[in-house]
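An overview of the molecular structure
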Amino acid sequence: MNKKLLAGSGLAFTLLFSPLSQAFAAETIGDLRKVDNVAHRGASAYAPENTIAAYDKAVEMKADYIEIDVQRSKDGELVLIHDTTDGSGKVGDFTFEELRSLDAGSWKGAQFASEQIPTFDEILDRYHGKIGILIELKAPELYPGIEESVAEEIKERNLEKPQNEKIIIQSFNHESMEKMNDLVPKVPIGVLTSSRADTTEQALQEFSTYADYFNPSYGIVTKELVNQVHYLDMKIGLWTVRSQKAADFLLDMGVDAIITDYPDYVDPRN
Ligand code: G3P
Ligand code: CA
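Parameters and conventions
Residues numbered from 1 in each chain as written. Chains lettered and ligands numbered in written order. Predicted model: local features only at pLDDT ≥ 70, side-chain atom pairs only at ≥ 80, totals over all residues. Heavy atoms only, no water. Helix = DSSP H or I, 4+ residues; strand = E, 2+ residues; numbered from the N terminus. Buried < 20%, exposed > 50% of the residue type's maximum accessible area, 1.4 Å probe, protein only. Contact = heavy atoms within 4.5 Å. Areas by Shrake-Rupley, 256 points an atom, 1.4 Å probe, with all protein chains shown as cover. Donors = N, O, S within 2.8 Å, 3.2 Å for Na, K, Ca; no water. Tetrahedral: all angles 85-135°; square planar, octahedral: opposite > 155°, others 65-115°. Near = heavy atom within 4 Å. Polar contact = N/O pair within 3.5 Å; in protein donor to acceptor, adjacent residues only side chain to side chain. Nonpolar A, V, L, I, M, F, W, Y, C, P; charged D, E, K, R; others polar. pLDDT = per-residue confidence, 0-100. Phe/Tyr/Trp six-rings, centres within 6.5 Å; stacked < 30°, edge-to-face > 60°. Lys NZ or Arg CZ within 6 Å of the ring centre and 35° of its normal. Salt bridge = Lys/Arg side-chain N within 4 Å of Asp/Glu carboxyl O. Patch = residues over 30% accessible without salt bridge, like charges linked within 9 Å, V, L, I, M, F, W, Y side chains within 5 Å. Lys, Arg positive; Asp, Glu negative; His and termini not counted. Charge placed at Lys NZ, Arg CZ, Asp CG, Glu CD. Axes fitted to C-alpha atoms, helices over the stretch in contact; angles between N-to-C directions. Parallel < 35°, antiparallel > 145°, perpendicular 65-115°, else oblique. Left-handed = near helix turned anticlockwise from the far one by under 90°.

Helix and strand content of the protein chain: eleven helices and eleven strands. Relative to its full complement of 270 residues, the protein chain shows a buried share of 54%. Intrachain contacts of the protein chain at a sequence separation of at least 6 include 59% that bridge at least 24 residues. Accessible surface, the protein chain: about 12100 Å² in total, of which carbon and sulfur atoms supply 50%.

This is the structure in structure tokens:
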């Protein structure tokens, strides 16, 4: 776990581009650098996103993690959805029963017509120990108290202990992630962003006081940013990869995780 209070950071940043910092950045297994292959909303190129079909496909493709989007129904059930079903409207305006009755799969193909919106607890039970779970709190500001509910589900299953980093929680809402870090301090926390303003020295230092991962959109990544993040003892995961070219670019950058609809672009064995 890398969360820490920083001191002497001026010196830290003067060393960023030295050979020493390059050594810090490299985590290798033999000659191969280990990159976590994260199936975005499941293997969502091949099955409808955020459904059991997509998560199962990620397991079959030997991804390291599934990424899931957690929201909350009107009556308090934690559900996994980004925005694709045959319904329309805001997730939080529907009861769980209403959400569960939606077809979450047909848009991707008739063979997926039976897919329903999964619940957070059923996915924890089904996949924990089988594949890592990258939990995104999607717009937690819409769901006051969702952090406590997520922490409760995690603790009920004793997953708040160090799990070889196979459970990670991330969000674009950074205050929510600070709160999550207080609730489950041993669970790795990720900061999501697509803003260059979040890549300044000051911003990165602040994130590193509670986060283990800095996860920007891949359009703003540079080798210098990768080195800065590593120097601050955080890991860096990039999203959302939908081409072999993008995957190869990130593999060359020495990133720690690639969040992709196509796990086969990151690990061509699949
Ligand atoms: O895991 C990163 C990525 O999922 C963030 O964007 O919109 O696909 O949830 P989005
Ligand atoms: Ca997501």
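This next bit is on the coordination of the calcium ion (ligand 2). Coordination sphere of the calcium ion (ligand 2), protein contribution only: Glu67 (OE), Glu67 (OE), Asp69 (OD) and Glu136 (OE), at 2.1 to 3.2 Å. Its six donor atoms give the calcium ion (ligand 2) angles of 43 to 174° at the centre, a pattern that matches the irregular case. Counting the intervening residues between successive donors of the calcium ion (ligand 2) yields the motif E-x1-D-x66-E. Taken together, the residues Glu67 in strand 4 (residues 65-72) and Glu136 in strand 6 (residues 132-137) connect sequence positions 69 residues apart. We classify Glu67 as buried; its relative accessible area is 2%. With relative accessibility at 4%, the residue Glu136 sits in the buried group.

In the vicinity of ligand 1, the contacting residues are His40, Arg41, Glu67, Asp69, His82, Glu136, Lys138, Gln170, Phe172, Leu192, Trp239 and Ile259. Taking Arg41, its side chain carries an N or O atom lying 2.6 Å from an oxygen atom of ligand 1. Between ligand 1 and Asp69, the relevant distance is 3.4 Å, taken from an oxygen atom to a side-chain nitrogen or oxygen of the residue. Notes on ligand 1: free accessible area 290 Å², of which the protein chains cover 91%. The residue makeup of the shell around ligand 1, split by class, is four nonpolar, three polar and five charged.

Mean pLDDT over the protein chain: 89, with 86% of residues reaching 70 or higher. Across residues 4-31, where pLDDT falls below 50, the model places 36 contacts with residues more than four positions away in sequence or in other chains.

Let us now look at the packing of aromatic side chains. Tallied over the entire structure, the rule returns six aromatic pairs. Ring geometry for Phe172 versus Trp239: centroids 5.5 Å apart, planes at 90°, classification edge-to-face. Note that Phe172 is positioned in the loop between strand 7 (167-171) and helix 7 (174-183) and Trp239 in strand 10 (residues 235-241), a separation of 67 residues in sequence. Residue classification places Trp239 among the buried positions, given a relative accessible area of 18%. What links up through ring pairs into an aromatic cluster is the set Tyr46, Tyr262 and Tyr265. Lying over the aromatic face of Tyr65, Lys166 brings its terminal NZ or CZ to 4.6 Å of the ring centre.

Moving on to the pattern of salt bridges. Counted by the stated rule, this structure contains 15 salt bridges. Its salt-bridge partner being Glu49, residue Arg41 comes within 2.9 Å of it at the nearest N-O pair. Classification of Arg41 by relative accessible area gives buried; the value is 12%. The buried category is assigned to Glu49, whose relative accessible area is 11%.

Our next topic: a negative patch on the surface. Among the surface-exposed residues, Glu175, Glu178, Asp182 and Glu206 lie close enough to one another that they form a single negatively charged patch. Broken down by element, the residue count for the negative patch peaks at three residues, all from helix 7. Position of Asp182 relative to the elements: it lies in helix 7.

Turning next to the packing of helix 5 (residues 120-127) against helix 6 (residues 146-156). Each packed pair of helices is defined by two parameters, the angle between the axes and the distance between the axes. Running from N to C, helix 5 and helix 6 point in directions that differ by 30°, and their axes come no closer than 11 Å. Considering their axes alone, helix 5 and helix 6 lie roughly parallel with respect to each other. In this structure, helix 5 crosses over helix 6, and the sense of that crossing is right-handed. Listed contacts from helix 6 to Phe120, Asp121 and Leu124 of helix 5 are Val150, Glu153 and Ile154. Considered class by class, the residues forming the contact of helix 5 with helix 6 number four nonpolar, no polar and two charged.

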